[in-house]
Amino acid sequence: MKEMGNGGAADLFKSSTLVKISGFILVSVVFFYLGKHFSDGSSQQLVFFSSHRNPDHNEITGPPSSVALSPNHNKFFNITSLTNDTSSVQKNENKEQESIGSVSPPPNQPPPPPAPAVKRMGVVDENGVMAEDFEVGEFDTEVVENWGKANDTANLESHGKGGKVRVRVNKFPLCPESMREYIPCLDNEEAIKKLKSTEKGENFERHCPEKGKELNCLVPSPKGYQTPIPWPQSRDEVWFSNVPHARLAEDKGGQNWITIDKDKFKFPGGGTQFIHGADQYLDQIEKMIPEIAFGHHTRVTLDVGCGVASFGAYLLSRNVTTLSVAPKDVHENQIQFALERGVPAMVAAFATRRLLYPSQAFDLVHCSRCRINWTRDEIKEFLGNPNKSIHPLNWQLRSYYIFFCYEAVQMRVQSRLCIDICSLSIRINLKACLDSVADYVRYVDLKACITRLPEEGYGSNITTWPARLHNPPDRLQSIQIDAYMSRNELFRAESIYWKELIESYVRALHWKKFKLRNVLDMRAGFGGFAAALIENQLDCWVLNVVPVSGPNTLPVIYDRGLIGVIHDWCEPFDTYPRTYDLLHAAGLFSIEQKRCNISTIMLEMDRILRPGGRVYIRDSLAVMDELEEIATAMGWHVSIRDTSEGPHASYRILTGDKRLLQA
């Protein structure tokens, strides 16, 4: 046994196991020695390059740089203290400060500046523990004090080459009470006084304020203003306080235009030439001229010198849309009464310029003692621009394409004899106009000629209502647009787009509960928005505006059986304040911002919008922030919604509700 023990021990020392154990022990000793050597500060200290600075002024003095020992030279740290609880941290820091203070700086070297205190800005400290003494950063006391006063000021961002520039938009003030019915381009007294002549009614035409004199305040409502009476009740009565003018009732009360009954105006339905009521008058016309076929063959009419628009009001029940026009003259506020009733109307005058409607626009034109000199040279052009039939009370005109003449229809309407317009047109020797721009009407002077009808026959073969609302008209081919697909396909695509969109508005936003009546589409295109409202059976009418900055699609709008006007949104609109229940603008501002002041357009929208009315603006993100801030500064209740494409789409929808403001 003894020999076996000695032999086994000898073999053990010769084996590889012993070598491995010895090597492990040796490596462990070396690492232990090195660790202790570096931890107790016995190794050579690190050196640093530093600059001489004045501690008071933080300025470099002396040589630009020098060699210095590490600030940790001759310092001792107890590593085990790091594992202690937080109560001992402060004591160790005090000892370290005393140790640092006892070390004298190297010769010719200033003491290093004290390390800045750690500024904690978050809720988690350096050990990952939730802290209770965190800071939330600096705040603007003015913002806190004015929180909730969003209508006092608004920050508006405009994008420039240098990035975003923030400017402050102050709350828009109220205009004086005297401006409560202000129409900027028709009430410009300064420009009217400079006119050389008013013989032909030049003072009733547009004279817009010069640049820098635009409307810059909010037009107030009259005292006692109430939410308008809804349609169809409004056809027969409106609140006196909303249009507080009694003169028209005093002057025209005997003709059954309008009467006053306590706190309301009442409209019996009569007119100068139909004192027994518009319904009876319309029955007589249709009986004498069966081909008129209201609501089928005749869809769009113009009532010139409309009074309070009872003629158009009663045609609505026969599926006929009538645009009632009259100047802002001695017949006080007749157009304002029409709009308050919920009847399509617009301020316009037969004077020296074309009306803002295309050629061949109306199926019927009506005049009942409209105080127009029809034989004046400039007015003759209007007589040469019918679509199918013109019916000023006394004249029923039907255009023929070969002769510049009209077939005369003699009839008696409430004891008034019609005039043979054919013999009249021969006597005044009308001639054809030489220009071929009959649909360009803005600021164009009237001429004593008859507009040529298109050689292709466009405008002559319109289908009957309601089929014409959906069928692409022939005049669509004459519209100057850049189209990569056929114009008919564009027409149908726009119709489908708005039909689906309005269906979603009715379903999700409950549009049928809004009691919409007077609607303005500020960028109408082919009229798809208005057509969609009709298809969804919303009981309202739409005035389609075609901006001058785009293609003139107005002829197509009229051929569809809709009404509209061409307009430049850099200028005010010709209507009274508080006209519309809904203003709709799709893609308008992203285009017009290159030409117009956005604030000016928004102030004009506020002027023509009824208190309690709504605004729907569908536009790009690039203008949405600016629109929101301006709307807030005007006192609207504003919200931004995503489109149906989702939150990552490049478009948003701004909705605004106007509050009641009184001086």
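Just so you know, the residues in each chain are numbered from 1, in the order the chain's sequence is written. Totals for whole chains, interfaces and linings use all residues, but because this is a predicted model, local features are given only for residues with pLDDT of at least 70 and pairs of side-chain atoms are given and counted only at 80 or more. The basis for every side-chain value is the complete set of heavy atoms in the structure, and neither hydrogens nor water enter the calculation.

The name an unreviewed UniProt entry gives the chain is Methyltransferase, with Olea europaea subsp. europaea as the organism.

Student: Teacher, can you tell me more about the nonpolar core here?
Tutor: Soluble globular proteins tend to bury their nonpolar side chains together. We define a nonpolar core as any set of buried Ala, Val, Leu, Ile, Met, Phe, Trp, Tyr and Cys residues linked to one another through side-chain atoms lying within 4.5 Å. Note on classification: 1.4 Å probe, protein chains only; a residue is buried when its accessible area is under 20% of the maximum for its type, exposed when over 50%, partly exposed between these limits. Ranked by internal contacts, the top residues of the largest apolar core, which has 113 residues, are Trp511, Phe589 and Met602. Residues are treated as being in contact if the distance between any of their heavy atoms lies within 4.5 Å. Among all residues touching phenylalanine 589, those that are not within four sequence positions of it are Ile598, Ile601, Met602, Met605, Ile617, Asp619, Val623 and Leu627.

Student: In this structure, what is going on with the pairing of strand β22 (residues 609-620)? I would like to understand it.
Tutor: Residues in a regular strand point their side chains to alternate faces of the sheet. Of all 12 residues in β22, 10 are buried, a share of seventy percent or more. Any two strands are treated as partners once DSSP identifies two or more bridges connecting them. What counts as a helix is a DSSP run of H or I of at least four residues, what counts as a strand is a run of E of at least two, and both are numbered from the N terminus. When strand β21 (residues 580-586) meets β22, the two strands line up parallel, connected through six bridges. The residue of β22 that forms the bridge with alanine 585 is isoleucine 617.

Student: I would appreciate a short explanation of the sheet that holds strand β23 (residues 637-642) in the present structure.
Tutor: Hydrogen bonding along the main chain pairs the strands of a sheet, whether they run parallel or antiparallel. The strand order across the open sheet formed by seven strands is β20-β19-β18-β21-β22-β24-β23, and the pairing between neighbours is mixed. In this open sheet, the two strands that pair with only one neighbour each are β20 (563-567) and β23. Between one strand axis and the next, the sheet turns through 20° on average, direction left out of account. Convention adopted: a line fitted to C-alpha atoms gives each axis, helices being fitted over their contacting stretch, and angles between N-to-C directions are expressed from 0 to 180 degrees. Those strands touched by helix α12 (residues 487-508) are β21, β22 and β24 (651-657), and its axis lies near 130° from that of β22. In the packing of helix α16 (residues 598-608) onto the sheet, contacts are made with β18 (518-521), β21 and β22, and the angle to β22 comes to roughly 145°.

Student: Can you walk me through the sheet that holds strand β8 (residues 259-261) in this structure?
Tutor: Pairing in this open sheet of three strands is antiparallel, and the strands run β7-β9-β8 from one edge to the other. What marks the edges here is a single partner per strand, and that holds for β7 (237-239) and β8. With direction set aside, neighbouring strand axes in the sheet form an average angle of 30°. As paired elements, β8 and strand β9 (residues 264-266) share three bridges and run antiparallel to each other. What sits directly across from aspartate 261, in β9, is lysine 264.

Student: Sorry, what's going on with a nonpolar patch on the surface here?
Tutor: Taken together, the side chains of Ile21, Phe24, Ile25 and Val29 present a nonpolar region at the surface, about 420 Å² in accessible area. Its place among the elements puts isoleucine 21 in helix α2 (residues 16-39). A relative accessible area of 46% places isoleucine 21 in the partly exposed class. Patch rule: a residue counts if its relative accessible area is over 30% and it has no salt bridge; like charges are joined within 9 Å, and nonpolar side chains (Val, Leu, Ile, Met, Phe, Trp, Tyr) within 5 Å. In these tables, accessible area is a Shrake-Rupley quantity obtained with a 1.4 Å probe, and a residue counts as shielded only by the protein chains included in the view. In what follows, salt bridge is the name for a side-chain nitrogen of Lys or Arg lying within 4 Å of a carboxyl oxygen of Asp or Glu.

Student: It is not clear to me how the pattern of salt bridges should be interpreted in this structure. Could you clarify?
Tutor: A side chain with one charge can pair with a side chain of the opposite charge if their charged atoms come near. Under the counting rule described, the total for this entry stands at 27 salt bridges. Put simply, aspartate 236 and arginine 235 hold a salt bridge, and the shortest N to O gap is 3.2 Å. Within the structure, one salt-bridge network assembled from shared partners comprises Arg206, Arg442, Glu571 and Asp574.

Student: What am I meant to see in the state of the cysteines here?
Tutor: Disulfide: a covalent bond formed between the sulfur atoms of two cysteine residues. Two cysteine sulfurs form a disulfide in these notes if their separation is within 2.5 Å. Scanning all chains against the criterion turns up three disulfides. A disulfide bridge connects cysteine 185 with cysteine 208, and the sulfur atoms are separated by 2.0 Å. Given an S-S torsion of about 105°, the disulfide between cysteine 185 and cysteine 208 has right-handed geometry. Note that cysteine 185 is positioned in the loop between β6 (163-170) and α5 (189-193) and cysteine 208 in the loop between α5 and β7, a separation of 23 residues in sequence. Judged by relative accessible area, cysteine 185 falls into the buried class, the value being 1%.

Student: Would you explain the packing of α16 against helix α17 (residues 621-633) in this entry?
Tutor: Angle between the axes and distance between the axes: these two values describe a pair of packed helices. Between α16 and α17, whose axes approach to 10 Å, the crossing angle comes to 50°. As far as their axial angle goes, α17 and α16 are oblique. The two elements α16 and α17 meet at a crossing, and its hand is right-handed. Touching Ile598, Ser599 and Met602 of α16 are Glu626, Leu627, Ile630 and Ala631, all from α17. Note that Gly is not counted as nonpolar here; it falls among the polar residues with everything else outside the nonpolar set of Ala, Val, Leu, Ile, Met, Phe, Trp, Tyr, Cys and Pro and the charged set of Asp, Glu, Lys and Arg. A breakdown of the residues in the contact of α16 with α17 according to their chemical character gives five nonpolar, one polar and one charged. In this scheme, roughly parallel covers angles under 35 degrees and roughly antiparallel covers those over 145, while 65 to 115 is roughly perpendicular and the rest are oblique. In this scheme the handedness of a crossing depends on how the near helix is turned from the far one: anticlockwise by less than a right angle means left-handed, clockwise means right-handed.

Student: I keep staring at unusual backbone geometry and nothing clicks. Help me out?
Tutor: Across residues other than glycine, the phi torsion is negative in most instances, and most of the peptide bonds are trans. For the peptide bond that leads from tryptophan 231 to proline 232, omega is 10°, which places it in the cis range. Within the element layout of this structure, proline 232 appears in the loop between α5 and β7. In this model, tryptophan 465 is joined to proline 466 through a cis peptide bond whose omega is 10°. Mapped onto the elements, proline 466 comes out in the loop between α11 (421-427) and α12. Of note in this structure, histidine 510 is not a glycine but carries a positive phi near 55°. As for its placement among the helices and strands, histidine 510 is situated in the loop between α12 and β18. The phi torsion at lysine 515 lies on the positive side, around 55°, for a residue other than glycine. Mapped onto the fold, lysine 515 is located in the loop between α12 and β18. Here lysine 515 falls in the exposed class, since its relative accessible area comes to 63%.

Student: It is not clear to me how the pairing of β21 should be interpreted in this structure. Could you clarify?
Tutor: Judged by how many residues are buried, β21 sits mostly within the fold: seven of seven residues are covered. Judged from the three bridges that link them, β18 and β21 form a sheet pairing that is parallel. Bridging from a neighbouring strand, leucine 520 pairs with leucine 583 of β21.

Student: Would you explain the packing of aromatic side chains in this entry?
Tutor: Both the distance between ring centres and the angle between the ring planes are used here to describe each pair of aromatic rings. By convention, a stacked pair of Phe, Tyr or Trp rings (six-membered ring in the case of Trp) has centres within 6.5 Å and planes under 30 degrees apart, an edge-to-face pair has planes over 60 apart, and any other such pair is tilted. All told, the structure shown has 15 aromatic pairs when counted by the stated rule. Plain terms: the ring middles of tryptophan 569 and phenylalanine 573 are 5.6 Å apart, the flat faces sit at 20° to each other, and that makes the pair stacked. For the pair tryptophan 569 and phenylalanine 573, one class covers both residues: buried. Three or more aromatic residues joined by ring pairs form one cluster here, namely Tyr497, Trp498, Tyr505, Trp511, Phe529 and Tyr616. A ring is considered to have a charge above it if a Lys NZ or an Arg CZ atom is located within 6 Å of its centre and within 35 degrees of its normal. One cation-aromatic arrangement involves lysine 264 over tryptophan 239; the distance from NZ or CZ to the ring centre is 5.0 Å. If you follow arginine 614 out to its NZ or CZ, it ends over the ring of phenylalanine 514, 3.8 Å from the centre.

Student: Hey, could you run me through α16 in this one?
Tutor: In an α-helix, one turn spans 3.6 residues; hence positions three or four apart end up facing the same way. Buried residues dominate α16, accounting for nine of its 11 residues. Turning to α16, its buried residues are Ile598, Ile601, Met602, Leu603, Glu604, Met605, Asp606, Arg607 and Ile608. If you follow the buried residues of α16, they end up packed against β18, β21, α15 (589-592), β22 and α17. Structurally, the start of α16 carries an N-cap: the backbone nitrogen of serine 599 is 2.8 Å from a side-chain oxygen of asparagine 597. N or O atoms closer than or at 3.5 Å make up a polar contact, with two conditions inside protein: a donor-capable atom paired with an acceptor-capable one, and, for residues adjacent in sequence, both atoms drawn from side chains.

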